[in-house]
Amino acid sequence: MALRNVTVSKDIMDKNLTRLAIALVVGAMAPLFDSTIVSVALHTLAGDLNASIETIQWVSTAYLLAMGVTVPLVGWLQNRIGGKRLWMASLVVFLIGSILCSLAWDAGSLIAFRAVQGVGAGAMMPLLTTLLMQAAHGRSLGRVMAVASLPTALGPILGPVIGGLILGAGTWPWLFWVNVPFVVVGLILAWRFIPADGPVGTAKLDVLGLALLSPALVGVLYGLSNASGTGGFTRFDVWMPLTTGAVLLVAFALWATRSRRPALVDLSLLTHRPLAAASGLMFLMGAALYGGMLLLPLSFQELRGTDALGAGLLLIPQGVGSLLSRSLAGRLTDRVGARIVAVLGFAVVLLATIPFAFADGQTSVWWLSAVLVVRGIGLGAVMIPIMAVGFVGLERPQMPHASTITRLSQQLGGAFGTAVLAVVLAGAAAGGDPAGAFQQAFWWAIGITALAAVLSPLLPGRASGTAAEPHATAPLAATTPR
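Because the structure is a prediction, the values reported are computed rather than measured. (Residues numbered from 1 in each chain as written. Predicted model: local features only at pLDDT ≥ 70, side-chain atom pairs only at ≥ 80, totals over all residues. Heavy atoms only, no water.)

Caption draft 1: Inspection of the environment of alanine 146 at higher detail. Here alanine 146 is to be found in helix α8 (residues 141–148). Setting aside chain neighbours within four positions, we find alanine 146 in contact with Arg326 and Ile384. (Helix = DSSP H or I, 4+ residues; strand = E, 2+ residues; numbered from the N terminus. Contact = heavy atoms within 4.5 Å.)

Quick look at the structure:
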C-alpha cells in the first residue's frame, strides 16, 4: 500500500510539473522571440522612424540594460510577493511594453517602451528556472532543465524568420503585436496551472546592494555594447563604463560577503562548487553562443550577399540540431552526470565551429548547413547539464539566488563574447579581406569554446540529488530567505 501511495504521489507530481512547465514555457516564448525578431528589423526601424543606426541601436541596448537592472531584484521580489504573482505581473508588464512599442511615434518613444519590455523580460527569465527547479524537488534536473531552456532554443530558430516574414508582409508595429497572443495564453495558463503561493519571508530590500549592483551591471553591459564601434575597447564610452561597472561589482561583492544583513544576491552560494563551476561555464557558454550568433548571420550577409531573412533561414539548421539533442542531453545528464555531457557537448561545438574558420563566400551552403546541425546538437547538449548542475544540493530558498547568478553569468558572458568577436572582426576587416576577417574571428570563437571544454571537468559528476526534497520544504515559511 505504501509503495502504491508513493507511485500515485510521484505521478501527480510529474503531471503537475508538466503543466507548470507548459505554462511557463508558453509565457517565456514572448520575450525570447521578441529579442531575436527585433534584431533583424533595426535597419527598417531606422528608416521608418527617421533615425540613425547609432540611435536605433538603443532599441536593443535599452532592452538589454533594463533586463540587467531587473534580474538582481527577482529573488527578493519572489520572496516578497510569491512566484505566481511575480510571473503574472511580469507578463503584464511585458504585454504593456509590447503594445506601447507598437504605438511608438519616434525612436525616443520606442527606446523608452523597449525598456519597459526589458523589465518584464528581466524578471521572467530567472523566475522560469527558479519555479521549475523548486517544483522538481531535486528530481530529474536534466530533463526539467531541457524544458526550461526550450524558449532559448526556439527563439534563434523562429525569431529571425518571423521578423523577416512580418516585415515582408506588413509594417514594423506588427513586430510587437505578435507578442500579444503568447502573453495572453501565457497568462491564462499561469492562472490555471502555476500553484498559488504567497510571500515566503520578510527580508528587507538590500538598498545599498541594489545601488551598487544595478549600476554595475548597466556600466558593464553598456560598455560592452559600445565595443563594436570604431576604436573598440579604447573608446571612452567603452572603457569608462566598463571600469566603473567593474569597481561597483567589486564593491557589491565585498558588501554581500561581509554584511550581516541578507544581501540582494547571496554570493556566498558561490562557495558551493556545483554553482561556482556552472556559473563560470555559463559565462563561457554565453560567449560562445551569442558570439556565434553575431558572426554567423553577418558572414552569410557579407560574404554571400543574403538579406536578413535569408541569413535567418540559413541559421535554422543550428536551431534544429539544438532541439534534436535536448531531450537526450537531459536524460543523459540525469543518468551519467553533467560532467560527461558538458565535455562532449563543448567538444562537438568546437569541432563544428572549425569549418567556419576555413569558409569563404564559395563554400558549399549544404556543407555549412550540415555543420550547423552538428553545432546545434553540441549547443543543446551543453546548455542542459550546465544549467541543471548549478542547483544540486541547494535548498528551496537558495534557488532564486542561484537562478540570478547563473542568469547574470550567461548575460555577461554573451555581452563579453559579442564585444570581443566584434572588435576582432572589425580589426581584421580593416585589412580589406572580408573572408579572412571572419575566419580570424571564428578562430577566437573556437578558442573560447576550447577553454570551456578544458574547464568542463570541474563540474560535478551528477546533476541530481539535492537537499530540496519534498520533506525538506515543509518548514519553508519559517525560513528567512537570503
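Next comes the rest of the description.
Caption draft 2: Representation of helix α19 (residues 399–429). Relative to the 45 Å expected for 31 residues at 1.5 Å per residue, α19 spans 44 Å between its end C-alpha atoms, a close match to the ideal helical length. The element α19 is largely enclosed, with a buried count of 25 among its 31 residues. (Expected span 1.5 Å × (residues − 1). Buried < 20%, exposed > 50% of the residue type's maximum accessible area, 1.4 Å probe, protein only.)

Caption draft 3: Molecular detail of unusual backbone geometry. Of note in the backbone geometry, asparagine 50 takes a positive phi value of approximately 55 degrees without being a glycine. As for its placement among the helices and strands, asparagine 50 is situated in the loop between α2 (42–48) and α3 (53–56).

Caption draft 4: Layout of the nonpolar core. Core analysis: the largest hydrophobic core is formed by 95 residues, its most contacted members being Trp87, Leu132 and Phe252. Of the residues forming this core, the biggest block, ten residues, is contributed by helix α7 (residues 107–136). If we skip the residues at most four places from it in the chain, leucine 132 touches Leu17, Leu20, Ala21, Leu24, Val144 and Ala148. (Core = buried A, V, L, I, M, F, W, Y, C linked by side-chain atoms within 4.5 Å.)

Caption draft 5: Highlighting the packing of α8 against helix α16 (residues 316–336). Close contact between α8 and α16 brings their axes to 6 Å; oriented N to C, the two are set at 155 degrees. Between α8 and α16, the crossing angle belongs to the class labelled roughly antiparallel. Between α8 and α16 lies a crossing whose hand is right-handed. Where α8 abuts α16, its residues Leu141, Gly142, Arg143 and Ala146 lie against Arg326, Gly330, Arg331, Thr333 and Asp334. Looking at the contact of α8 with α16, its residues break down into two nonpolar, three polar and four charged. (Axes fitted to C-alpha atoms, helices over the stretch in contact; angles between N-to-C directions. Parallel < 35°, antiparallel > 145°, perpendicular 65-115°, else oblique. Left-handed = near helix turned anticlockwise from the far one by under 90°. Nonpolar A, V, L, I, M, F, W, Y, C, P; charged D, E, K, R; others polar.)

Caption draft 6: Here's a closer look at the packing of aromatic side chains. Overall, the coordinates contain seven aromatic pairs when judged by the stated rule. Centroid distance tryptophan 58 to tyrosine 222: 5.4 Å. Interplanar angle 35 degrees. Geometry classified as tilted. Of the two residues, tryptophan 58 sits in helix α4 (residues 58–70) while tyrosine 222 sits in helix α12 (residues 207–226), which places them 164 residues apart along the sequence. We note arginine 114 situated over the ring of tyrosine 63; from NZ or CZ to the ring centre the distance is 4.2 Å. (Phe/Tyr/Trp six-rings, centres within 6.5 Å; stacked < 30°, edge-to-face > 60°. Lys NZ or Arg CZ within 6 Å of the ring centre and 35° of its normal.)

Caption draft 7: Representation of the pattern of salt bridges within the structure. For the structure shown, the criterion picks out two salt bridges. Here aspartate 34 ties to arginine 114 by a salt bridge, and the two come within 2.4 Å at their closest N and O atoms. Residue aspartate 34 is found in helix α1 (residues 2–39), and its partner arginine 114 is found in helix α7; the two are separated by 80 residues along the sequence. Here the two residues aspartate 34 and arginine 114 agree in accessibility, since each one is buried. In this structure, the salt-bridge partner of aspartate 237 is arginine 235, at a minimum N-O distance of 2.8 Å. (Salt bridge = Lys/Arg side-chain N within 4 Å of Asp/Glu carboxyl O.)

Read these as spatial facts, not as claims about activity.
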